[in-house]
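# Structural features, examined
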Amino acid sequence: MPLDLRVDGQLEAVFETLRKDWGSLDVVLHSIAFAPKDDLQGRVVDCSKEGFGLAMELSCWSFIRMAKLAEPLMSRGGALFTMTYYGSQMVVEHYNMMGPVKAALEAATRYMAAELGPKGIRVHAISPGPLKTRAASGISEFDQLLEKAQEKAPARSLVSVDDVGIAVAFLATDAAKLITGETLYIDGGYHIMD
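The notes below deal with the structure included here. (Residues numbered from 1 in each chain as written. Predicted model: local features only at pLDDT ≥ 70, side-chain atom pairs only at ≥ 80, totals over all residues. Heavy atoms only, no water.)

## Focus: the nonpolar core
A general tendency of soluble globular proteins is for nonpolar side chains to be buried together. For clarity, the cut-off: As used in this record, nonpolar core signifies buried Ala, Val, Leu, Ile, Met, Phe, Trp, Tyr and Cys residues forming a set joined through side-chain atoms within 4.5 Å. Under the scheme applied here, a residue whose accessible area is under 20% of the maximum for its type counts as buried, over 50% as exposed, and between as partly exposed, the area being computed with a 1.4 Å probe on protein chains only. Secondary structure elements are taken from DSSP: a helix is a run of H or I of four residues or more, a strand is a run of E of two residues or more, and numbering for both begins at the N terminus. The contact criterion used is simple: two residues touch if any of their non-hydrogen atoms lie within 4.5 Å.
Counting residues in each nonpolar core, the largest one holds 24 residues, and the members touching the most others are Phe15, Leu25 and Leu80. Mapped by element, the contributors of at least two residues to this core are α1 (10–21), α3 (49–70), α4 (98–116) and β3 (121–128). In terms of residue count, the dominant contributor to this core is α3 (seven residues). Residues in contact with Leu25, not counting those within four places in the same chain, are Phe15, Leu18, Ala70, Leu73, Met74 and Gly77. Counting 17 residues, the second-largest nonpolar core is a separate cluster that includes Cys47, Tyr85, Tyr95 and Ala149.

Here is the structure:
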């Protein structure tokens, strides 16, 4: 189904189709981030109001909106996931304004976990180490970030998409029914190093 978050009504149309076709949901994965290139690659203090607002809307508020739309479809409980990054907690060179945006996303995750928990809906932020993705292509000097992560991580290994998928699949099962509101680092231990 088409889903451009900048087009009013498309997100709602997706969830309406899911309601009609499936009737319920167990898991939602929010893996969306965007910032205008000039704002992303510049200093935080230089980012435009419009660029920062757009990054917050598409990278953070969209998860809140998805949770709102998913809630009535999760009458038996479920799990909501969003993707974040270590740059929300520590200053990561070249991550720039996405750091504050991801920090907001992680805070929203905790608040939604508290609000939706009584309905059996768990909410998590997943923080993989650097992954070669389309979103990462906008970060300048990304290859150096990959090298640094592999060098510093106790596991001396870069995370793969499969590593992330396996961890998220576990958190979506009843084996993880009492885990919620977490930011789960899947980064070979990189986030524990200085």
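Structure shown, so let's carry the discussion forward.
## Details of unusual backbone geometry
Trans is the common state for peptide bonds, and a negative phi is the common state for residues other than glycine. Backbone geometry places His94, a non-glycine residue, at a positive phi of 75°. Along the chain, His94 turns up in the loop between β2 (78–83) and α4. Owing to a relative accessible area of 21%, His94 belongs among the partly exposed residues under this scheme. For Arg156, which is not glycine, the phi dihedral falls at a positive 55°.

## Description of the packing of α1 against α3
The criterion, for reference: Lines fitted to C-alpha atoms define the axes, with helix axes restricted to the stretch in contact, and inter-axis angles between N-to-C directions lie between 0 and 180 degrees. For this classification, under 35 degrees means roughly parallel, over 145 means roughly antiparallel, 65 to 115 means roughly perpendicular, and everything else is oblique. Two helices crossing with the near one rotated counterclockwise from the far one by less than a right angle form a left-handed crossing, whereas a clockwise rotation gives a right-handed crossing. When residues are grouped by polarity, Ala, Val, Leu, Ile, Met, Phe, Trp, Tyr, Cys and Pro land in nonpolar, Asp, Glu, Lys and Arg in charged, and all others, Gly among them, in polar.
Taken N-terminus to C-terminus, the directions of α1 and α3 make an angle of 30°; their axes are 10 Å apart at the nearest point. The angle between the axes of α1 and α3 places the two elements in the roughly parallel class. Crossing hand, α1 versus α3: right-handed. Contacts between α1 and α3 pair Leu11, Glu12 and Phe15 from the former with Ser62, Arg65, Met66, Leu69 and Ala70 from the latter. Across the contact of α1 with α3, the residue classes break down as five nonpolar, one polar and two charged.

## Remarks on the pattern of salt bridges
Rules: Definition used for salt bridges: Asp or Glu carboxyl oxygen within 4 Å of a side-chain nitrogen of Lys or Arg.
All told, the structure shown has six salt bridges when counted by the stated rule. When the shortest N-O distance is used, the salt bridge between Arg19 and Glu16 registers 2.4 Å. Taken together, the residues Arg19 and Glu16, both in helix α1 and three residues apart, mark about one turn of the helix. The class of Arg19 is partly exposed, set by a relative accessible area of 42%. Across the pair Arg76 and Asp26 runs a salt bridge, and its minimum N-O distance is 3.4 Å. Of the two residues, Arg76 is situated in the loop between α3 and β2 and Asp26 in the loop between α1 and β1 (27–30); the sequence distance between them amounts to 50 residues. Arg76 gets classed as exposed once you look at its relative accessible area, which sits at 62%. Here Asp26 falls in the partly exposed class, since its relative accessible area comes to 47%.

## Quick notes on helix α6 (residues 161–172)
Note the threshold: To estimate the expected span of a helix, count its residues, drop one, and scale the result by 1.5 Å. Relevant arc is that of directions from the helix axis to the C-beta atoms, nothing else.
Under the 1.5 Å per step criterion, the end-to-end length of α6 is 16 Å for 12 residues, consistent within 8% with the ideal 16 Å. Among the residues of α6, those classed as buried are Val164, Ala167, Val168 and Leu171. Around the axis of α6, the buried residues are gathered within 95° of arc, so they sit on the same side. Facing away from the buried side of α6 by more than 90 degrees, the exposed set consists of Asp162 and Ile166. For α6, the secondary structure elements touched by its buried residues are β2, β3 and β4 (183–186).

## Some words on α1
The end-to-end C-alpha distance of α1, which contains 12 residues, comes to 16 Å, matching closely the 16 Å that a straight helix rising 1.5 Å per residue would cover. Among the residues of α1, those classed as buried are Leu11, Val14, Phe15 and Leu18. Seen from one end, α1 has its buried residues packed into an arc of 90°, which puts them on one side. Relative to its buried face, α1 has exposed residues pointing more than 90 degrees away, namely Lys20 and Asp21. Gly23 sits one or two residues past α1 and shows a positive phi near 85°.

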